[in-house]
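Commentary on secondary and tertiary structure
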Amino acid sequence: MLEPDPRGVPAQREPTLVSVVAPMHDEEGTVEAFYERVRTALENVPFELVLVDDASRDRTPQLLDSLADSDPRAKVLHLSRNFGHQAAITAGLEHASGDVVVMMDGDLQDPPEVIPRMLDRWREGAEVVFAVRQSRAGESWFKLATARWFYRFFARVTQLELRENAGDFRLLGRHALDAMLSMRERNRFLRGMSVWVGFPQAAVPYERDPRHAGETKYTLPRMVRFFLDAMTSFSWLPLQAATLLGFVFSIAAFLGLPLVIVARVIHIYVPGVSSILFVVLLLGGIQLITVGLIGEYVGRIYDEVKGRPLYLVRSTRNLGRPAGAEEHREGVMAP
Ligand code: UDP
Ligand code: MG
């Protein structure tokens, strides 16, 4: 189906340049296979690769550089230190020059062969096309269970229609991409942001592969961090829940007071230390949790207010500057 386009762009459009953005952190076993598979999958369309080396400690940087030397379509960004998955993707998105941009993991869990199908949806008028995992091979039951739980909880709390099992493997048209890059927040939950921007959205199903090589970099603490970032950047329901709890306990206290007085009057009142202790501990616990919750938000406000760049680039290849030139481009979006 063709979506009517308010900007008057012809309905059946062809991409001038497709940018494929992928972050790489210690992916030396995957770089070459990744390049080959993207090249084969996209042989019929003009494309560029924007590969972001998130301060890898293995041979990934050298492999990326030699890739850039052999093919000018491979653009490489070396970040000054490890900034993490979402920041690395953001760096790549900002340096992509295509009118269509695909963001995907650099470990070949997202098969490049799906991209042509995503492009078809874009040709039909979609601005955001997300790939939905039908299956996830080679991942632990723990990862699957936490992922499922996460999507359910997120949908309930934020009212943002995040499709279950749609990760960061997404295609964005220029309009959607520019809208996303104009969101300058530091705690970036990209898959939430790409839904938030709106525009016609479409889904493409695919089978998620196991990692090509290496190991997952999402350890449990990182997953918890990711979860908190996602929740706090799209909802203040946790703060409202704190208020609600406060009301519930205040009402309980007001109801309890007359009971105590009646008990006193008819002499059935027994001074109970343990019950008082229980209430004090319970309330103390809830208060601490609430303060901690507020702290999560305040910490993030502090982070945002400092306005530090999202990432720093150490050097680039094939990005229009002398190869390997030292530079410090800030990872803040151009105004
Ligand atoms: N990654 C990154 N920086 C990091 C951690 C991961 O750029 O600090 C990249 C990694 O190379 C991979 C992608 O992000 O291409 C997804 O990471 P991973 O496969 O470890 O996560 P999972 O698929 O297990 O959720
Ligand atoms: Mg992976």
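In this report, we go over the structure that sits alongside the text. (Residues numbered from 1 in each chain as written. Chains lettered and ligands numbered in written order. Predicted model: local features only at pLDDT ≥ 70, side-chain atom pairs only at ≥ 80, totals over all residues. Heavy atoms only, no water.)

Taken together, 20 residues are adjacent to ligand 1, and E27, D54, D107, T216 and K217 come closest. Between an oxygen atom of ligand 1 and a main-chain N or O atom of P23, the distance comes to 2.9 Å. Residue Q109 places a side-chain N or O atom 2.7 Å away from an oxygen atom belonging to ligand 1. Coverage of ligand 1 by the protein chains reaches 96% of its 530 Å² of free accessible surface. Its atoms largely coinciding with the cavity grid, ligand 1 occupies the largest pocket. Those elements giving two or more residues to the shell around ligand 1 turn out to be β1 (18-24) and α3 (85-95). (Near = heavy atom within 4 Å. Polar contact = N/O pair within 3.5 Å; in protein donor to acceptor, adjacent residues only side chain to side chain. Areas by Shrake-Rupley, 256 points an atom, 1.4 Å probe, with all protein chains shown as cover. 1 Å grid on protein atoms, 1.4 Å probe; cavity = no way out; pocket = protein on both sides within 12 Å on 5 of 7 lines; lining within 4 Å. Sits in = over half its atoms within 2 Å of the grid points. Helix = DSSP H or I, 4+ residues; strand = E, 2+ residues; numbered from the N terminus.)

Attention now moves to the pattern of salt bridges. Scanning all chains against the criterion turns up 17 salt bridges. Close ionic contact of E127 with R13 constitutes a salt bridge, the shortest N to O distance being 3.3 Å. On the criterion of sequence distance, the pair formed by E127 in the loop between α4 (115-123) and β5 (128-136) and R13 in the segment before β1 is long-range, its members being 114 residues apart. Exposure class is identical for E127 and R13. Each is buried. The partner of R59 in a salt bridge is E28, with the nearest N and O atoms 4.0 Å apart. Of this pair, R59 sits in the loop between β2 (47-53) and α2 (60-70) while E28 sits in the loop between β1 and α1 (31-41), and the two are 31 residues apart along the sequence. (Salt bridge = Lys/Arg side-chain N within 4 Å of Asp/Glu carboxyl O. Buried < 20%, exposed > 50% of the residue type's maximum accessible area, 1.4 Å probe, protein only.)

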